[in-house]
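If you want the building blocks of each chain, they are given just below.
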Amino acid sequence: AQIQREKLLDKLNNRLQTSDGLFSRKLTLVSAPPGFGKTTLISTWLHQLDHPAAWLSLDAGDNEPGRFFYYLISALQQAHRGLGDAALSLFQAPQPPPIETLLTLLINDLASHVGQVVLVLDDYHVIQDLEIHKALTYLLENQPPQLHLVIISRSDPPLPLHRLQGSGQMMGIYVRDLR
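About the criteria used
Residues numbered from 1 in each chain as written. Predicted model: local features only at pLDDT ≥ 70, side-chain atom pairs only at ≥ 80, totals over all residues. Heavy atoms only, no water. Core = buried A, V, L, I, M, F, W, Y, C linked by side-chain atoms within 4.5 Å. Buried < 20%, exposed > 50% of the residue type's maximum accessible area, 1.4 Å probe, protein only. Helix = DSSP H or I, 4+ residues; strand = E, 2+ residues; numbered from the N terminus. Contact = heavy atoms within 4.5 Å. Phe/Tyr/Trp six-rings, centres within 6.5 Å; stacked < 30°, edge-to-face > 60°. Pairing = 2+ DSSP bridges. Axes fitted to C-alpha atoms, helices over the stretch in contact; angles between N-to-C directions. Expected span 1.5 Å × (residues − 1). Arc of directions from axis to C-beta. Right-handed = clockwise from strand over helix to strand, strands pointing away.

Visitor: What is the right way to look at the nonpolar core in this model?
Guide: Considering soluble globular proteins, one finds that nonpolar side chains tend to be buried as a cluster. Counting residues in hydrophobic clusters, the biggest one holds 40 residues, and the most contacted among them are F68, L72, L76, L121, Y124 and I151. If you tally residues by element for this core, the top one is helix α3 (residues 65–79), at 7 residues. Once you skip the residues sitting within four places of it in the chain, F68 turns out to touch L56, L58, D62, L121, Y124, I127 and I132. Counting residues in hydrophobic clusters, the runner-up holds 19 residues, among them L8, F23, L49 and M171.

Visitor: Hey, could you run me through the packing of aromatic side chains in this one?
Guide: How two aromatic rings sit relative to each other is given by the distance of their centres and the angle of their planes. In this structure the tally under the stated criterion is 4 aromatic pairs. Seen in terms of ring centroids, Y70 and F91 are 6.0 Å apart; in terms of plane orientation they differ by 90 degrees. Their pairing is edge-to-face. Pair noted here: Y70 is in helix α3 and F91 is in helix α4 (residues 85–91), with a separation of 21 residues, a long-range link. Relative accessible area serves as the criterion here: at 32%, Y70 is assigned to the partly exposed category. A connected cluster of aromatic rings, assembled from ring pairs, spans F68, F69 and Y124.

Visitor: Help me understand the sheet that holds strand β2 (residues 53–57) in this model?
Guide: Two modes of strand pairing occur in sheets, parallel and antiparallel, and in both the strands are linked by backbone hydrogen bonds. With respect to topology, 5 strands assemble into an open sheet ordered β2-β3-β4-β1-β5, the strand pairing being parallel. Looking at the sheet topology across the chains shown, the edges are occupied by β2 and β5 (170–173). If you compare each strand with its neighbour and ignore which way they point, the axes differ by 15 degrees on average. Bridging between strand β1 (residues 27–31) and strand β4 (residues 147–153) involves 5 bridges; their strand directions are parallel. Counted as the bridge partner of L27 is L149 from β4. Its contacts with the sheet put helix α6 (residues 130–142) on β1, β3 (117–122) and β4, and the angle it makes with β4 is roughly 145 degrees.

Visitor: Can you help me understand unusual backbone geometry in this one?
Guide: Note on backbone geometry: most residues besides glycine have negative phi, and most peptide bonds are trans. Its identity as a non-glycine residue notwithstanding, R15 has a phi of 55 degrees, on the positive side. Relative to the elements of secondary structure, R15 occurs in the loop between α1 (6–13) and β1. Residue R15 is classed as exposed on the basis of its relative accessible area of 65%. Look at D123: it is not a glycine, yet its phi comes out positive at around 65 degrees. Here D123 lies in the loop between β3 and α6.

Visitor: For this particular structure, what's the right way to read helix α5 (residues 99–112)?
Guide: Residues that lie three or four places apart on an α-helix share one face, since the helix turns once every 3.6 residues. In this model α5 runs 20 Å from its N-terminal to its C-terminal C-alpha over 14 residues, within 8% of the 20 Å that 1.5 Å per residue would give. Taken together, the buried positions of α5 are occupied by I99, L102, L103, L106, I107 and L110. Within α5, the buried residues cover an arc of 140 degrees as seen down the axis, which keeps them to one side. Buried residues belonging to α5 abut α3, α4, β3, α6 and β4.

Visitor: I would appreciate a short explanation of the pairing of β3 in the present structure.
Guide: Successive residues of a regular strand alternate their side chains across the two faces of the sheet. Counting buried residues along β3, 6 of its 6 residues qualify, which places the element largely inside the surrounding structure. Burial along β3 is two-sided: the face carrying V117, L119 and L121 and the face carrying V118, V120 and D122 are both buried. Across 5 bridges, the pairing between β2 and β3 is parallel. Its bridge partner lying in β3, A53 is registered against V118. Sheet analysis places β3 next to β4, joined by 6 bridges and oriented parallel. Looking at the pairing, L119 lines up with L149 of β4. What joins β3 to β4 is α6, and the crossover it makes is right-handed.

Structure representation (structure tokens):
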């Protein structure tokens with residue numbers, strides 16, 4: 001039987017959006033060991049949101065930046081057809097540009113896109129590649145309010161979490177919340 005976690009669902013919804021419907025937070029981090037119901041909680045939450053969601057389940061093979069961001073943009077396209085087309089087309093170029101260039105194209109596309117999207121990166125703890133962490137930090141620092149990122153992980157990722165939390169841009173759910 002599935003446990004109803006109304007308090008956690010309320011916490012996830014609390015101050016998620018501004019009055020104009022854009023996201024007021026950039027990141028929700030759900031960090032706890034296996035078996036605490038992280039994925040189930042976020043899945044339940046997404047089913048009650050009025051926004052399209054893109055879900056990317058990660059594995060150790062996704063530790064290559066090009067592959068990671070190709071899958072990330074492909075996941076976003078499941079939520080909004082055509083989102084990130086320019087960046088994806090450059091991925092297929094014989095000499096793809098730096099990841100930051102591709103992310104800038106994606107960020108601009110998100111900013112000009114009508115509607116919001118929630119992007120979930122599940123099992124982010126498997127990502128060890130420093131270039132991916134650096135690129136995700138770049139995305140977070142330049143993230144438009146049309147995107148809300150959710151990271152599900154067994155440990156805190158090496159991202160600027162304290163800075164995001166201090167500026168009210170991040171909300172975390174940890175073991176103590178999930179117990």
